[in-house]
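Coordinate analysis (summary)
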Amino acid sequence: MVKPIYVLNGPNLNLLGEREPEVYGRTTLGEIGEMAAERAKSHGLSVEFRQTNSEADLIGWLQEARQKASAVIINAAGLSHTSVAVLDAARALGKPLIEVHLSNPYAREEYRRHSFVSEAATGVICGLGAEGYLFAIDHLARLLEGP
Ligand code: DQA
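Now for a description of the structure that goes with this document. These figures come from a predicted structure and were not determined experimentally. (Residues numbered from 1 in each chain as written. Predicted model: local features only at pLDDT ≥ 70, side-chain atom pairs only at ≥ 80, totals over all residues. Heavy atoms only, no water.)

A few points about the overall build of the chain
- Along the chain, the regular secondary structure elements total five helices and five strands.
- In sequence order, the chain lays out its α and β elements as β-α-α-β-α-β-α-β-β-α.
- Computed over its C-alpha atoms, the radius of gyration of the chain comes to 14 Å, within 12% of the 15 Å expected for a compact globule of 147 residues.
- With the principal axes as the frame, the chain shows a C-alpha extent of 40 × 30 × 25 Å.
- Counting across all 147 residues of the chain, residues that qualify as buried make up 47%.
- Within the chain, counting contacts between residues at least 6 apart in sequence, those at least 24 apart form 76% of the total.
- Accessible surface for the chain amounts to roughly 7200 Å². Of this, 51% is attributable to carbon and sulfur atoms.
- Of the charged side chains in the chain, 14 are positive and 18 negative, and the gap between their average positions amounts to 5 Å. (Helix = DSSP H or I, 4+ residues; strand = E, 2+ residues; numbered from the N terminus. Rg over C-alpha atoms; globule rule 2.2 N^0.38 Å. Buried < 20%, exposed > 50% of the residue type's maximum accessible area, 1.4 Å probe, protein only. Contact = heavy atoms within 4.5 Å. Areas by Shrake-Rupley, 256 points an atom, 1.4 Å probe, with all protein chains shown as cover. Lys, Arg positive; Asp, Glu negative; His and termini not counted. Charge placed at Lys NZ, Arg CZ, Asp CG, Glu CD.)

Next comes the structure, spelled out in structure tokens:
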């Protein structure tokens with residue numbers, strides 16, 4: 001049995017659907033979680049889908065994923081742009097890591113154009129809304145299948 005893909009979401013993503021819908025869309029995080037579980041299932045995989053407003057939780061979950069996950073998808077939200085500690089935990093992961101952003105940070109404010117997390121990411125998907133999570137799952141499914 002393949003270990004679950006951890007899908008980790010950072011601060012304020014619990015407000016998806018209500019928060020700046022013109023930027024982040026109207027899909028709620030609960031709905032993204034359901035779509036992610038369904039897509040993973042279609043590949044014979046599972047997800048462990050979580051959200052936190054705490055940097056400490058995110059670091060703890062990345063550390064937990066070292067043993068318990070097959071791969072990680074992370075939207076560290078605002079912490080992407082500020083947290084060396086999240087980057088350090090991501091570097092220690094030793095597994096495929098896909099960074100996802102719903103919006104396209106490069107088309108937004110200057111301070112969103114750098115992500116610490118990207119330095120440890122296998123790949124980055126941004127600007128494709130909730131679909132980005134699903135593309136990340138499709139990619140990981142192929143990767144985890146092996147040659
Ligand atoms: C975000 C982009 C970040 O810049 C922002 O702080 C977020 C959400 C996204 O998914 O588009 O909270 O990660």
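Read on for the rest.
Topic: the nonpolar core
- Counting 24 residues, the largest nonpolar core has I73, L102 and Y133 as its most contacted members.
- A per-element tally of this core places helix 5 (residues 131-145) first, with five residues.
- In this view, Y133 contacts V7, N9, L13, I32, I73, N75, V100 and L102; residues no more than four positions away in its chain are not counted.
- The next biggest cluster of nonpolar side chains, apart from the first, holds 21 residues, and it includes L87, L93, L97 and V117. (Core = buried A, V, L, I, M, F, W, Y, C linked by side-chain atoms within 4.5 Å.)

As for the site of the ligand
- As a structural note, the neighbourhood of the ligand is formed by R19, Y24, N75, A77, G78, H81, H101, L102, S103, R108 and R112.
- In this structure, an oxygen atom belonging to the ligand sits 2.8 Å away from a main-chain N or O atom of L102.
- Here an oxygen atom of the ligand sits 2.9 Å away from a polar atom, N or O, in the side chain of R112.
- In isolation the ligand has 320 Å² of accessible area, and contact with the protein removes 97% of it.
- In terms of residue class, the shell around the ligand is made up of three nonpolar, five polar and three charged. (Near = heavy atom within 4 Å. Polar contact = N/O pair within 3.5 Å; in protein donor to acceptor, adjacent residues only side chain to side chain. Nonpolar A, V, L, I, M, F, W, Y, C, P; charged D, E, K, R; others polar.)

Examining the packing of helix 3 (residues 55-68) against helix 4 (residues 84-91)
- Between helix 3 and helix 4, whose axes approach to 9 Å, the crossing angle comes to 10°. By the criterion of interaxial angle, the relationship of helix 3 to helix 4 is roughly parallel. Between helix 3 and helix 4, the contacting residues are E55, L58, I59 and L62 on the first element and A85, V86, A89 and A90 on the second.
- Residues that form the contact of helix 3 with helix 4 fall into these classes: seven nonpolar, no polar and one charged. (Axes fitted to C-alpha atoms, helices over the stretch in contact; angles between N-to-C directions. Parallel < 35°, antiparallel > 145°, perpendicular 65-115°, else oblique.)

Interpretation in functional terms is not warranted from these geometric data alone.
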